[in-house]
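Working through the structure, step by step
Single-letter residue listing:
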Amino acid sequence: MPTTKSFLTPDDLGKSLRQDVADGLTAFPKTLPPKWFYDERGSELFEEITRLEEYYPTRRERAILTERAAEIASVTGARTLLELGAGSGEKTRLLLDALGGTLGTYVPVDVSGDFLATAAEQIATEYPALSIQPIVADYERHLDQLPAGERRLIAFLGGTIGNMEPDERVSFLGGLRATMAEDDALLIGADLVKAPQRLVRAYDDARGVTAEFNRNVLHVINRELGADFAVSRFSHVAVWDGTEERIEMRLRSTQAQTVRVAALDLVVEFAAGEEMRTEISAKFRRERFEASMEAAGLRVDQWWTDKDQDFVLSLVRP
Ligand code: AVJ
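Please read these numbers as outputs of a predicted model, since none were measured by experiment. (Residues numbered from 1 in each chain as written. Predicted model: local features only at pLDDT ≥ 70, side-chain atom pairs only at ≥ 80, totals over all residues.)

Attention now goes to the pairing of strand β7 (residues 185-191). A large share of β7 lies buried, amounting to seven of its seven residues. Neither face of β7 is left uncovered, since the one carrying Ala185, Leu187, Gly189 and Asp191 and the one carrying Leu186, Ile188 and Ala190 both have all their residues buried. Looking at chain direction, strand β6 (residues 152-156) and β7 are connected through four bridges and run parallel. In the sheet register, Phe156 faces β7, and the bridge partner there is Ile188. (Buried ≥ 20, exposed ≤ 12 C-beta atoms within 10 Å, placed from the backbone. Helix = DSSP H or I, 4+ residues; strand = E, 2+ residues; numbered from the N terminus. Pairing = 2+ DSSP bridges.)

The UniProt entry lists Tyr55, Asn163, Tyr203, Glu279, Ile280 and Ser281 under the feature "binding site: L-histidine" (unreviewed entry), expressed in the numbering used here. Structurally, Asn163 is set in the loop between β6 and α6 (166-179). For Asn163, a count of 17 C-beta atoms within 10 Å puts it in the partly exposed group. For Asn163, the contacting residues outside a window of four places in its chain are Pro34, Glu279, Ile280 and Ser281. With respect to the helices and strands, Ser281 occurs in strand β12 (residues 275-282). Judged by the 20 C-beta atoms lying within 10 Å of it, Ser281 falls in the buried class. Filtering out sequence-adjacent residues up to four positions away, Ser281 remains in contact with Gly162, Asn163, Asp191, Tyr203, Arg246 and Ile247. (UniProt positions renumbered as here; feature names shortened; annotations may be inferred. Contact = placed C-beta atoms within 7 Å.)

Close to the ligand lie Ile49, Pro57, Gly158, Gly159, Thr160, Gly162, Asn163, Tyr203, Thr210, Glu279 and Ser281, which account for all nearby residues. A breakdown of the residues in the shell around the ligand according to their chemical character gives three nonpolar, seven polar and one charged. (Near = placed C-beta within 6 Å. Nonpolar A, V, L, I, M, F, W, Y, C, P; charged D, E, K, R; others polar.)

Taken as a whole, the chain shows an average pLDDT of 95; of its residues, 99% reach a score of 70 or greater. Reported for the predicted complex are a pTM of 0.95 and an ipTM of 0.98. (pLDDT = per-residue confidence, 0-100.)

Let us now look at the sheet that holds strand β8 (residues 234-241). Sheet architecture is open: three strands sit in the order β8-β9-β12, paired in antiparallel fashion. Each edge of the sheet is formed by a strand with only one pairing partner; in this case those strands are β8 and β12. Mean inter-strand twist for the sheet, computed between neighbouring axes without regard to direction, equals 20°. Note: β8 against strand β9 (residues 246-253), eight bridges, orientation antiparallel. (Axes fitted to C-alpha atoms, helices over the stretch in contact; angles between N-to-C directions.)

Okay, the pairing of strand β13 (residues 299-305) next. For a regular strand, the rule is simple: side chains alternate between the two faces of the sheet. Both β13 and strand β14 (residues 311-317) contribute to a ladder of six bridges, which runs antiparallel. Bridged to Thr305 within β14 is Val312. Hairpin connection of β13 to β14: five residues between the antiparallel strands, including Gln309 at a positive phi of 55°.

Now for the packing of helix α3 (residues 57-76) against helix α4 (residues 90-99). Across the interface, α3 lies against α4 with an axial gap of 8 Å and an inter-helix angle of 20°. Considered as vectors, α3 and α4 are oriented roughly parallel to each other. Crossing hand, α3 versus α4: right-handed. Of α4, the residues touching α3 (which contributes Glu61, Arg62, Leu65, Thr66, Ala69, Ala70, Ile72 and Ala73) are Lys91, Leu94, Leu95, Ala98 and Leu99. Along the lines of polarity and charge, the residues of the contact of α3 with α4 split into nine nonpolar, one polar and three charged. (Parallel < 35°, antiparallel > 145°, perpendicular 65-115°, else oblique. Left-handed = near helix turned anticlockwise from the far one by under 90°.)

Turning to its location among the elements, Gly113 is positioned in helix α5 (residues 113-126). Discounting chain neighbours no more than four positions away, the residues touching Gly113 are Thr4, Ser6 and Val136.

Turning to unusual backbone geometry, a few remarks are in order. Across the junction of Phe28 and Pro29, the peptide omega takes the value -5°, indicating a cis bond. If you check the backbone angles, Glu245 has positive phi at about 55° while not being a glycine. Of note, Glu245 is situated in the loop between β8 and β9. Positive phi is not limited to glycine here, since Asp265 has a value of about 55°. Among the secondary structure elements, Asp265 is positioned in the loop between β10 (257-261) and β11 (266-270). In this structure Asp265 comes out as exposed when scored by C-beta crowding, with 8 C-beta atoms within 10 Å.

On to helix α8 (residues 209-225), then. The first and last C-alpha atoms of α8 sit 24 Å apart over 17 residues, in line with the 24 Å expected at 1.5 Å per residue. A bend of about 30° at Arg215 is the largest found in α8. Those residues of α8 that fall on the buried side of the exposure criterion are Thr210, Ala211, Phe213, Asn214, Arg215, Asn216, Val217, Leu218, Val220 and Ile221. Where α8 ends, the next residue or the one after it, Gly226, has phi of about 60°, a positive value. (Expected span 1.5 Å × (residues − 1). Bend = angle between axes of the 7 residues up to and from the residue.)

Let's shift gears to the packing of α6 against helix α9 (residues 286-295). As a packed pair, α6 and α9 sit with axes 8 Å apart at the nearest point and diverge in direction by 50°. Our classification of the angle between α6 and α9 gives oblique. Handedness of the crossing formed by α6 with α9: right-handed. Where α6 abuts α9, its residues Arg169, Val170 and Leu173 lie against Ser292, Met293 and Ala295.

Structure (structure tokens):
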């Protein structure tokens, strides 16, 4: 069984949740960071989102990966696969199968220890020849502690790069660049700009799964910080910001209300109709993507899209 290394204790996680919630609920406008969506229920809801007809990114990325896996293997010759935010494992398997010829080590990195351990054990049984070194870490904070190695391929899939603000994105990528050797490569998935109606539908599906996913962050705060959010008094909003070229998810307070957060000794007032931002999901054009990469000292080597140009998998190098 793989042994998991950890740079994050449950206490560290608790601390950063408290900090994020205290900062976000006292800011104007109020915000909450998307990383707290993903408790067990939130991860299930996200899995459900990936199967929705409206939510195309997962399917598109999988299609590109399937089509390009062999090419990814041949142009990288990766010995180590480091996966930031080890997802549900399906895309991982596509990569592991393709890289089989050269790959010796797989390093899944995730903030959720339980999730990681289960996923790693599963992979270990299916790929007995592979050395698996799971790491519990916040990949925005512990980049320099990730294992070095020859010819590493760092995978950052799903379009999660879109959740960062432009300045955060460049500092994250710059931090990653600083840990990379000349023969390392970064495989990064990003959603592309397209018709606003399609984008909005992808984040406001007919069955309301995304709405429930969005509101789940309030359940997380109620449970972890003893808050008393009346979850049903917040409605889901998804808007396209054409200037920033990003989707914003918000929670709108349906009435004037007061929320108490016991663990923070905090009382927060919401006005009727007040909107709190819970996620940004940036959509890229090639120029802007390349500019972000260049600002971080990286260059775009490959630009693989699906047939409809909905999504890109890009191979980026130092
Ligand atoms: C997992 C961050 C890529 O931004 O599309 C899905 C999360 N939010 N529906 C995204 C999400 C609403 C997703 N990422």
